[in-house]
4 protein chains.
Amino acid sequence: MIKVGIVGGTGYTGVELLRLLAQHPNVELTAITSRSESGMPVAKMFPNLRGRVNLAFSEPSLETLGACDVVFFATPHGVAMKQTPELLARGVKVIDLGADFRLKDLAQFEKWYGMPHSCPEILEEAVYGLPEVNREAIRSARVIGNPGCYPTAVQLGLMPLLKAGLIDVDHLVADAKSGVSGAGRKAEVHTLYSEAGESFRAYGVAGHRHLPEITQGLNGMTGGNVGLTFVPHLLPMIRGIHATLYGRLTKEPGDLQALYEQTYAGEPFVDVMPAGSLPETRSVKGANTCRIAVYRPQGGDTVVVLSVIDNLVKGAAGQAIQNMNLMFGLAEDAGLGQIALLP
Amino acid sequence: MIKVGIVGGTGYTGVELLRLLAQHPNVELTAITSRSESGMPVAKMFPNLRGRVNLAFSEPSLETLGACDVVFFATPHGVAMKQTPELLARGVKVIDLGADFRLKDLAQFEKWYGMPHSCPEILEEAVYGLPEVNREAIRSARVIGNPGCYPTAVQLGLMPLLKAGLIDVDHLVADAKSGVSGAGRKAEVHTLYSEAGESFRAYGVAGHRHLPEITQGLNGMTGGNVGLTFVPHLLPMIRGIHATLYGRLTKEPGDLQALYEQTYAGEPFVDVMPAGSLPETRSVKGANTCRIAVYRPQGGDTVVVLSVIDNLVKGAAGQAIQNMNLMFGLAEDAGLGQIALLP
Amino acid sequence: MIKVGIVGGTGYTGVELLRLLAQHPNVELTAITSRSESGMPVAKMFPNLRGRVNLAFSEPSLETLGACDVVFFATPHGVAMKQTPELLARGVKVIDLGADFRLKDLAQFEKWYGMPHSCPEILEEAVYGLPEVNREAIRSARVIGNPGCYPTAVQLGLMPLLKAGLIDVDHLVADAKSGVSGAGRKAEVHTLYSEAGESFRAYGVAGHRHLPEITQGLNGMTGGNVGLTFVPHLLPMIRGIHATLYGRLTKEPGDLQALYEQTYAGEPFVDVMPAGSLPETRSVKGANTCRIAVYRPQGGDTVVVLSVIDNLVKGAAGQAIQNMNLMFGLAEDAGLGQIALLP
Amino acid sequence: MIKVGIVGGTGYTGVELLRLLAQHPNVELTAITSRSESGMPVAKMFPNLRGRVNLAFSEPSLETLGACDVVFFATPHGVAMKQTPELLARGVKVIDLGADFRLKDLAQFEKWYGMPHSCPEILEEAVYGLPEVNREAIRSARVIGNPGCYPTAVQLGLMPLLKAGLIDVDHLVADAKSGVSGAGRKAEVHTLYSEAGESFRAYGVAGHRHLPEITQGLNGMTGGNVGLTFVPHLLPMIRGIHATLYGRLTKEPGDLQALYEQTYAGEPFVDVMPAGSLPETRSVKGANTCRIAVYRPQGGDTVVVLSVIDNLVKGAAGQAIQNMNLMFGLAEDAGLGQIALLP
């Protein structure tokens with residue numbers, strides 16, 4: 001059994017890690033830390049875990065976490081990078097669901113997160129945990145920068161087109177929509193039910209932290225400098241991301257459906273739907289799946305890709321566990337067999 | 001492996017049976033019938049099942065269903081009672097998620113369902129599938145009348161008080177609220193998003209089909225004729241039932257919390273929450289659990305019980321599988337280990 | 001034109017007052033104060049008011065408010081009672097949408113609100129602003145304690161039965177459900193979209209501040225000490241209250257429908273619906289109407305009353321304006337002609 | 001008083017027309033027809049209208065409608081074009097909220113609506129009722145083709161850019177999202193609460209009836225053949241459209257904010273928000289306003305425009321009344337002063 005610790009288990013990615021890990025056949029939950037909630041039984045805060053997770057939140061301590069095989073950080077940026085060096089020194093692997101090990105460019109990190117990186121050498125070693133791109137590197141990684149939710153949906157949606165060199169990389173558009181749980185469990189006015197319900201709006205149009213992460217990933221696929229317009233929106237629902245992606249064809253693309261199916265053949269968690277499908281976010285609610293459909297409307301020169309994930313699963317906790325499975329030589333889908341809840 | 005057939009798999013209880021059975025370790029899904037959708041792959045209608053359920057809907061036929069060990073009916077009333085005699089004759093067990101085998105009183109059945117019962121002798125044999133009440137009888141049953149959603153929440157909530165003889169049985173009140181999925185997947189105006197969203201109302205105040213079923217169950221607990229006022233309401237959400245139950249104490253009750261905890265000690269799917277808890281429907285979303293809290297406000301003579309279930313799981317498909325597990329000597333919780341999806 | 005000031009305009013009752021007053025033909029909005037948002041244009045915080053309300057929030061000051069004809073307090077308890085004496089001294093009338101002038105019993109106020117009352121003599125003078133009960137007193141009042149949202153729905157629902165002496169007043173049950181906007185615009189975890197959405201639960205079962213207010217009102221109707229069990233619940237929607245009320249008949253009631261229709265004949269804002277109706281909260285969304293239906297299920301001895309309001313209109317801002325209209329000799333429905341938004 | 005008739009008042013645009021017209025100072029509602037609901041009081045179907053609209057649905061008849069000054073058609077395509085000639089012959093003006101008088105190209109009409117047009121000469125005479133484009137023509141029109149909801153949001157959002165000739169008209173992208181009420185009040189599975197709630201998906205990607213209407217409008221602004229990729233999506237909410245529009249700059253645009261403000265200066269129902277704003281659909285809920293914001297992210301060559309309307313008001317009934325006001329020489333905003341309901 002793999003001994004697992006979680007730092008920062010009081011948010012939505014935290015409780016989702018707990019839900020999934022509590023059903024994982026190869027995992028022993030060892031510690032869940034929270035400075036603010038130390039001593040409180042986890043199942044008191046999250047009653048869905050009653051009878052299934054008997055731990056209480058504990059003070060973060062190197063002793064406890066150092067005895068784990070792997071530690072997940074479900075914390076705001078800045079926390080994981082502080083604690084990772086000591087954990088690595090004790091042989092503990094680290095999977096950061098925050099942003100500390102995603103951006104390879106230190107200047108970009110500092111620009112978007114407002115602080116210098118405290119361990120650049122570990123950042124350099126860290127592997128960006130998108131298995132469909134970096135599977136082999138993940139297997140041998142000690143530190144994973146787990147992808148953001150939007151970046152997962154956008155990168156998986158665009159990868160086949162970019163790798164095949166079919167579209168104008170200077171003018172990509174990603175119009176993305178997320179459920180409110182993506183904003184976390186902090187008490188804030190703009191995510192109150194009465195503010196976010198029965199309404200819809202864009203945000204971060206002038207600039208969003210996931211933009212450099214997506215751009216970095218897409219650059220890796222093209223070898224160049226992609227130009228991306230990324231507009232996130234807030235949906236009046238809890239879980240789910242839908243990315244609608246637009247690219248202009250630069251040559252005859254051949255059979256786009258076949259291209260997508262071939263690219264993702266064998267991938268356990270990417271589902272290319274039949275031609276003409278309209279992926280619904282609810283078709284992945286609670287599941288670690290990304291479902292994709294590709295269109296060429298009216299046979300014109302614009303390709304439209306629809307890509308959906310559950311932001312808390314394939315966009316966070318599920319993907320983190322997928323990475324853990326790879327790092328520890330388990331079946332990649334161990335503990336990730338949940339079927340989406342529909343309706 | 002138990003060979004399972006489902007009649008009427010195109011509704012919400014049907015897809016929920018499929019979700020749960022596809023993850024059940026002892027089950028082989030053999031047939032899913034639908035007259036209207038015959039030939040359509042199940043996963044085309046319910047994309048959450050893509051890659052997990054490869055069956056197509058088939059024409060209902062005695063041959064196919066007769067080769068099963070058990071058949072679930074997820075059909076409107078009147079269907080199961082027509083087909084059950086032939087299935088029993090072939091040694092197939094039947095679990096009816098509809099209403100055909102719930103009401104023991106033939107006159108009541110005819111009054112509330114508007115048709116005579118076609119096999120009264122099987123009705124007499126059938127066991128009402130509420131395991132917390134009838135566990136032993138269920139084990140040896142050939143036919144199960146699976147309880148309705150409201151009746152499950154109300155009976156589990158009131159049972160400890162009634163068995164202990166603490167309250168006035170002539171004036172019980174059950175104020176119950178259900179998510180819209182309880183109304184099924186039929187195209188009807190009143191359950192459209194734009195009709196049922198952002199609004200709340202009662203229905204069936206003058207009389208609801210679950211009233212005689214609840215009354216029958218409560219009478220079984222008291223040995224008498226209870227008087228119940230039952231008011232169901234429609235919630236602007238998909239899944240979940242919350243029953244708020246009111247009874248007047250007829251004597252000093254002692255420790256109500258202890259009474260509830262003792263009554264349900266050892267029950268795998270009833271969770272008596274700590275004193276002062278407020279069960280949320282989301283704490284059981286997707287799970288086969290009933291969570292209950294009991295109150296005596298201001299120390300007065302009225303007891304208030306709060307009881308929540310997922311109407312599609314403990315209120316339908318999950319309870320049906322719990323019954324199947326009992327009937328086939330499996331662990332009662334086999335295939336029912338899902339943790340509720342929160343948030 | 002009546003010069004109107006609002007203290008505490010940054011919450012939901014504040015913005016609702018602004019929406020309604022901006023369309024009122026006899027009102028001139030003079031000042032909206034907010035200590036925390038002083039200087040911010042009101043329409044920047046509430047963009048629905050762009051082009052319609054050109055004021056900015058200002059520092060609360062006796063000068064500004066003292067120049068008004070009437071001041072509405074849309075503040076937490078404790079604020080209005082501090083400022084009311086000075087406003088009255090300057091001839092300004094006061095309508096408090098908070099709790100400072102609702103409870104006549106000083107001990108009750110102190111028990112439920114955790115502070116002594118700072119101006120008991122004004123409390124004694126203040127009129128409880130439920131026009132259907134106190135219309136004449138309101139006309140000549142200087143200070144109004146505007147009713148709470150639940151108390152409005154419950155009192156209007158029960159009044160005909162209580163005045164007619166038809167039910168057992170010792171065992172009333174009010175099972176009430178409110179949209180999330182009733183909890184206000186404070187940043188709190190439990191009213192986040194991801195916490196309150198797609199779920200339902202009770203709260204305040206052991207005791208809620210509206211209980212003594214309701215009890216006081218019902219006692220006024222019966223001349224005695226009613227016994228009420230009041231259980232509020234949180235609905236996954238923004239606006240609306242639905243109170244389901246249960247009372248046991250103590251004698252033959254005659255024609256309940258006629259009783260309700262006669263009681264509210266001529267009332268501009270109480271709508272007794274035809275027999276068999278099921279009032280929906282959306283039928284009053286944005287409107288100052290209370291809609292009521294009365295049932296006697298199966299002809300038994302329990303009466304069920306269904307009463308719906310918009311918690312922000314008839315349950316707060318609309319009723320406050322109705323009171324203002326009465327106090328200033330205007331048509332009672334001036335500025336209150338909005339038709340509910342459906343769907 | 002203008003005598004108004006409505007054909008097809010049982011849908012959402014019908015009830016919205018009734019809500020707005022019932023509050024219009026210059027209108028007398030004369031007839032509301034519905035073949036299926038003839039005889040039913042309007043307020044029985046739509047209880048928000050109780051006490052405000054006392055008409056019953058009547059059989060459509062030329063006598064009744066011929067006595068009106070104007071008739072609104074809130075019907076599926078094909079109905080208005082059949083009845084319009086006779087109404088015009090009697091001097092009745094016609095405003096069609098359906099699609100019969102929108103597309104000027106007969107072949108396009110037949111292609112997208114599957115039927116030939118029955119009165120091409122009236123179609124030629126009809127004016128497309130977007131006042132911000134065609135105000136003068138509307139004043140003297142006898143027949144109005146009232147714009148679709150998406151076309152209103154998209155055209156108002158793009159017009160300033162197109163008229164100024166700033167963007168590549170061959171590659172426009174309109175990523176549009178609509179609340180479920182846009183799908184109407186028909187009983188259909190895909191718009192059930194349990195299907196459309198807590199989920200999000202695109203639809204009509206391969207082709208949507210509003211595409212030729214939008215294209216026709218944009219062509220009118222550019223004098224050429226625009227190339228538009230239009231992807232509509234279904235939001236889990238009732239009212240509101242948010243169009244996110246993308247265009248590539250072909251030259252230095254100067255001050256985009258000023259361009260938008262100047263274009264819409266004096267427009268009563270288009271609100272260009274301050275730079276940096278994020279229009280929320282709820283800021284126009286129930287109001288006849290279109291709010292717009294314009295961005296140039298990271299100073300690149302892509303312009304992003306955010307445009308929101310209430311699909312039932314500025315996207316249907318409100319705009320129809322705005323057109324009526326123009327046709328009858330009333331103040332353009334008569335009866336359209338509703339402030340959006342927030343929250």
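Computed from a predicted model, the values in this text were never measured in an experiment.

How each quantity is defined
- Residues numbered from 1 in each chain as written.
- Chains lettered and ligands numbered in written order.
- Predicted model: local features only at pLDDT ≥ 70, side-chain atom pairs only at ≥ 80, totals over all residues.
- Heavy atoms only, no water.
- Pairing = 2+ DSSP bridges.
- Helix = DSSP H or I, 4+ residues; strand = E, 2+ residues; numbered from the N terminus.
- UniProt positions renumbered as here; feature names shortened; annotations may be inferred.
- Buried < 20%, exposed > 50% of the residue type's maximum accessible area, 1.4 Å probe, protein only.
- Contact = heavy atoms within 4.5 Å.
- Buried area = accessible area lost by both parts, 1.4 Å probe.
- Salt bridge = Lys/Arg side-chain N within 4 Å of Asp/Glu carboxyl O.
- Polar contact = N/O pair within 3.5 Å; in protein donor to acceptor, adjacent residues only side chain to side chain.
- Nonpolar A, V, L, I, M, F, W, Y, C, P; charged D, E, K, R; others polar.
- Arc of directions from axis to C-beta.
- Phe/Tyr/Trp six-rings, centres within 6.5 Å; stacked < 30°, edge-to-face > 60°.
- Domains from an automatic or database assignment.

K.L.:
Now, about the sheet that holds strand β13 (residues 290-295) of chain D: what can you tell me, with residues and values included?
P.N.:
Residue and element names in this part refer to chain D. Read from one edge of the open sheet, 7 strands run β9-β10-β8-β11-β14-β13-β12, paired in mixed fashion. Only two strands of the sheet have a single neighbouring strand rather than two, namely β9 (201-202) and β12 (270-272). Summarising the sheet, β12 and β13 pair through 3 bridges and their orientation is parallel. Looking across to β13, one finds that Asp-271 is bridged to Arg-291.

K.L.:
Describe the UniProt feature "active site" (unreviewed entry) in chain A, and please don't skip the residues or the numbers.
P.N.:
Residues and elements named next belong to chain A. UniProt records the feature "active site" (unreviewed entry) at Cys-149, using the numbering of this structure. You can see Cys-149 is positioned in helix α8 (residues 149-163). A relative accessible area of 13% places Cys-149 in the buried class. Setting aside anything within four residues of it in sequence, one finds Cys-149 in contact with His-210, Ile-241, Ile-309, Asn-311 and Gly-315.

K.L.:
How would you explain the interface of chain A and chain D if you had to name every residue and give the values?
P.N.:
Chain A puts 45 residues into the contact, and the matching count from chain D is 45 residues. Interface area for chain A against chain D, summed over the two sides, is near 3800 Å², with a carbon-plus-sulfur share of 56%. For chain A, the biggest contributors to the area lost against chain D are Glu198(A), Phe200(A) and Val205(A); these three give 16% of the whole. On inspection of chain A and its partner chain D, the count reaches 7 salt bridges. Taken together, the connections running from chain A to chain D amount to 26 residue pairs in polar contact (both at pLDDT 80 or more). Of the residues belonging to the side of chain A that touches chain D, the class tally is 22 nonpolar, 11 polar and 12 charged.

K.L.:
So, helix α5 (residues 106-113) of chain B: which residues are in play, and what are the values?
P.N.:
Given 3.6 residues per turn, any residue in an α-helix points the same way as the ones three and four places further on. Residue and element names in this part refer to chain B. For α5, the complete set of buried residues consists of Phe-109, Trp-112 and Tyr-113. Down the axis of α5, the sector holding all buried residues measures 80°, keeping them to one side. In this structure, α5 carries Ala-107 and Lys-111 as exposed residues pointing more than 90 degrees from its buried face. The opening residue of α5, the one whose side-chain oxygen lies 2.8 Å from the backbone nitrogen of Ala-107, is Asp-105. Phi turns positive, to about 70°, at Gly-114, one or two residues after α5.

K.L.:
For the packing of aromatic side chains, give the residues involved together with the corresponding values.
P.N.:
Residues and elements named next belong to chain A. On inspection of all chains with the given rule, the structure shows 10 aromatic pairs over all chains. With a centroid separation of 5.3 Å and 75° between ring planes, the pair formed by Tyr-150 and Phe-230 is classed as edge-to-face. Residue Tyr-150 is found in helix α8, and its partner Phe-230 is found in strand β10 (residues 228-234); the two are separated by 80 residues along the sequence. Among the residues examined, Phe-230 registers a relative accessible area of 5% and is labelled buried.

K.L.:
Describe the domain arrangement of chain A, with residues and values.
P.N.:
Residue and element names in this part refer to chain A. For chain A, the assigned domains read domain 1 (2-125) and domain 2 (150-312). At the interface, 16 residues of domain 1 touch 13 residues of domain 2. Buried area between domain 1 and domain 2, summed over both chains or domains, comes out near 1300 Å², and the portion from carbon and sulfur atoms is 57%. For the domain 1 face of the interface with domain 2, the top three residues by lost area are Tyr-12, Arg-102 and Trp-112, together amounting to 46%. Run the count over domain 1 and domain 2 and you get 2 salt bridges. Linking Arg-239 and Glu-16 is a salt bridge whose minimum nitrogen-to-oxygen distance equals 2.7 Å. Summed over the shared surface of domain 1 and domain 2, the result is 7 residue pairs in polar contact (both at pLDDT 80 or more). Within the residue set of the side of domain 1 that touches domain 2, elements represented by two or more residues are α1 (12-21) and α5 (106-113). Looking at which element gives the most residues to the side of domain 1 that touches domain 2, the answer is α1, with 4 residues. Along the lines of polarity and charge, the residues of the side of domain 1 that touches domain 2 split into 6 nonpolar, 5 polar and 5 charged.

K.L.:
Which residues make up the UniProt feature "domain: Semialdehyde dehydrogenase NAD-binding" (unreviewed entry) in chain A, and what values do they have?
P.N.:
Cross-referencing UniProt, the feature "domain: Semialdehyde dehydrogenase NAD-binding" (unreviewed entry) maps to residues 3-141 of chain A in the present numbering. Along residues 3-141 of chain A one finds 37% helix and 17% strand; the C-alpha atoms at either end are 17 Å apart.

K.L.:
An account of the side chain of Thr244(C) is requested, with residue identities and associated values reported.
P.N.:
Note that Thr244(C) resides in strand β10 (residues 241-248). Relative accessible area serves as the criterion here: at 0%, Thr244(C) is assigned to the buried category. Within the structure, Thr244(C) has its side chain in polar contact with the side chain of His233(B) (distance 2.9 Å). Once you skip the residues sitting within four places of it in the chain, Thr244(C) turns out to touch Asp175(B), Val231(B), His233(B), Val173(C), Ala174(C), Asp175(C), Lys177(C), Val304(C), Val305(C) and Leu306(C).

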